[in-house]
Amino acid sequence: MKNYIILLLAVVSLSATAQINTLPVGSKAPDIKLKNIDGKLASFGDFPKAKGFVIVFTCNTCPYAQAYEQRIIALNSISTPLGYPVIAVNPNDPEISKGDSFDKMQERATAKKYTFPYLFDPGQKITNLYGAAKTPHLFLARKTDKGLIIEYTGALDDDPQEANASRTHYVEDAIKSLNAGKALAVSSTKAIGCTVARAKNKTSK
């Protein structure tokens, strides 16, 4: 009986810390259809002429996300003309992170003049499908004859503190390489930021 109880507790413990894996390069990017800050549903289908997408999991409250905010806005101004518009998703559970509610998302996007969709992910379904681990966490996906394929995942650049003017622009460089038909010099990096505020029993790696 004692051994049975120990085994039961071990199973419960494992269930409480169920792992969610980050999608690796080469994976098919899950479709997205979520409510944008304008109250309308937004999806990849809204960009029929896009070559792919920069999917950014970011939020209102994380200091790293705030530090990267203007750089993400700047990236969209560069990447959209190259065929890769930014689509931002707030991965945080608003019950855990109060500053990441839909109303707060609308307020911040308006105040900061976001030029890209900023999507609310109730239940963190899309967040968990991608396995976003940090805010920010980026996925660069390209349209192919096999579907939308992830070509890069990780950080926007190698300068989270914005202290190095000669920083390496991972995502921008990757887009330019794809458009030139070249292999990416870097296809995966470690996402640097705050841990996603997930509902209980969900963690990622």
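Student: For this particular structure, what's the right way to read the overall build of the protein chain?
Tutor: A count of helical and extended segments in the protein chain gives 5 helices and 11 strands. For the protein chain, buried positions account for 46% of its 205 residues. Accessible area of the protein chain: about 10,700 Å², with a carbon and sulfur share of 56%.

Student: Looking at this structure, I do not really get the pairing of strand S2 (residues 33-36). What am I missing?
Tutor: Regular strands place side chains that alternate from one sheet face to the opposite one. Strand direction decides the pairing type here: S2 and strand S3 (residues 41-43), joined by 3 bridges, are antiparallel. Across the sheet, residue Lys35 finds its bridge partner in S3, namely Leu41. The hairpin formed by S2 and S3 contains 4 residues between the paired strands, and Gly39 there has a positive phi angle of roughly 90 degrees. Taken together, the 2 bridges between S2 and strand S6 (residues 118-120) define a ladder with antiparallel strand orientation. What sits directly across from Asn36, in S6, is Leu119.

Student: I keep staring at the nonpolar core and nothing clicks. Help me out?
Tutor: The nonpolar side chains of soluble globular proteins are, as a tendency, buried together. If you look at the biggest cluster of nonpolar residues, it comprises 27 residues, and the most contacted ones within it are Val54, Leu140, Tyr152 and Val171. Here this core gets 5 residues from one element, more than from any other, and that element is helix H5 (residues 170-179). Beyond its immediate chain neighbours, meaning those up to four positions away, Leu140 contacts Phe53, Val54, Tyr84, Ile149, Ile150, Glu151, Tyr152, Val171, Ala174, Ile175 and Leu178. Judged by nonpolar contacts, the second largest core, of 20 residues, contains Leu23, Ile32, Leu119 and Tyr130.

Student: What is the right way to look at the sheet that holds S2 in this model?
Tutor: Remark on secondary structure: sheet strands pair via backbone hydrogen bonds, oriented parallel or antiparallel. If you walk across this open sheet you meet the 7 strands as S3-S2-S6-S5-S4-S8-S9, and the pairing is mixed. Since the sheet does not close on itself, it has two edges, and those belong to S3 and strand S9 (147-154), each with one partner. Between one strand and the next, the sheet's axes are offset by a mean angle of 40 degrees, whatever the strand orientation. For strand S4 (residues 52-57) and strand S5 (residues 86-90), the ladder comprises 4 bridges, and the chain directions are parallel. Paired with Val54 across the bridge in S5 is Val86. Against the sheet, helix H2 (residues 63-79) makes contact with S4, S5 and strand S8 (137-144), and its axis sits at roughly 150 degrees relative to S5, the strand it touches most. Here H5 sits on the sheet in contact with S4, S8 and S9, set at roughly 10 degrees to S8.

Student: Teacher, can you tell me more about the pattern of salt bridges here?
Tutor: Close approach of charged atoms lets side chains of opposite charge pair. Using the criterion set out here, one finds 8 salt bridges in the structure. Between Arg108 and Glu69 there is a salt bridge, and its shortest N-O distance comes to 2.8 Å. Taken together, the positions of Arg108 in helix H3 (residues 102-112) and Glu69 in helix H2 put the pair 39 residues apart, joining distant regions of the chain. On the basis of relative accessibility, which here comes to 6%, the residue Glu69 falls in the buried class. Among the ionic pairs, Glu107 bridges to Lys104, the shortest N-O distance being 3.8 Å. Of this pair, Glu107 and Lys104 both sit in helix H3, 3 residues apart, which is roughly one turn of that helix. Given the relative accessible area of 48%, Glu107 is considered partly exposed. One salt-bridge network, in which partners are shared between bridges, spans Arg71, Asp157, Asp159 and Arg167.

Student: Could you clarify how one ought to interpret the packing of aromatic side chains in this entry?
Tutor: Given two aromatic rings, one states the distance between the centres and the angle between the planes to describe the pair. Following the criterion strictly, the structure yields 9 aromatic pairs and no others. Here Phe44 and Phe53 contribute two aromatic rings whose centre-to-centre distance is 4.5 Å and whose plane-to-plane angle is 25 degrees, an arrangement assigned as stacked. Grouping residues by exposure puts Phe44 and Phe53 together as buried. Ring centres of Phe57 and Phe139 lie 5.8 Å apart, and the angle between their planes is 85 degrees; on these two criteria the pair is classed as edge-to-face.

Rules used throughout
In every chain, residue numbers begin from 1 and rise along the written sequence. With the structure being a predicted model, the display of local features is reserved for residues of pLDDT at least 70 and the display and counting of side-chain atom pairs for 80 or more, all residues being used for whole-chain, interface and lining totals. Excluding hydrogens and water, the side-chain figures rest on all heavy atoms present in the structure. Secondary structure is summarised from DSSP: a helix means a run of H or I of at least four residues, a strand means a run of E of at least two, and numbering begins at the N terminus for each. Whether a residue is buried, partly exposed or exposed follows from its accessible area with a 1.4 Å probe, protein chains only, as a fraction of its type maximum: under 20%, in between, or over 50%, in that order. Per-residue accessibility takes into account occlusion by the displayed protein chains alone, with areas from the Shrake-Rupley method and a 1.4 Å probe. Two strands form a pair only when DSSP identifies at least two bridges running between them. Only buried residues count toward a nonpolar core. Its members are Ala, Val, Leu, Ile, Met, Phe, Trp, Tyr and Cys residues joined through side-chain atoms within 4.5 Å. Contacts are assigned to residue pairs that have any heavy atoms within 4.5 Å of one another. Under this scheme, a helix contributes an axis fitted over its contacting stretch, all axes are lines through C-alpha atoms, and angles between N-to-C directions fall in the 0 to 180 degree range. Within this document, salt bridges are pairs made up of a side-chain nitrogen of Lys or Arg and a carboxyl oxygen of Asp or Glu, the two lying within 4 Å of each other. Put simply, two rings from Phe, Tyr or Trp (the six-membered ring, in Trp's case) pair if the centres are within 6.5 Å, and we call them stacked under 30 degrees between planes, edge-to-face over 60, tilted for the rest.

Nothing here speaks to function; it is all geometry.
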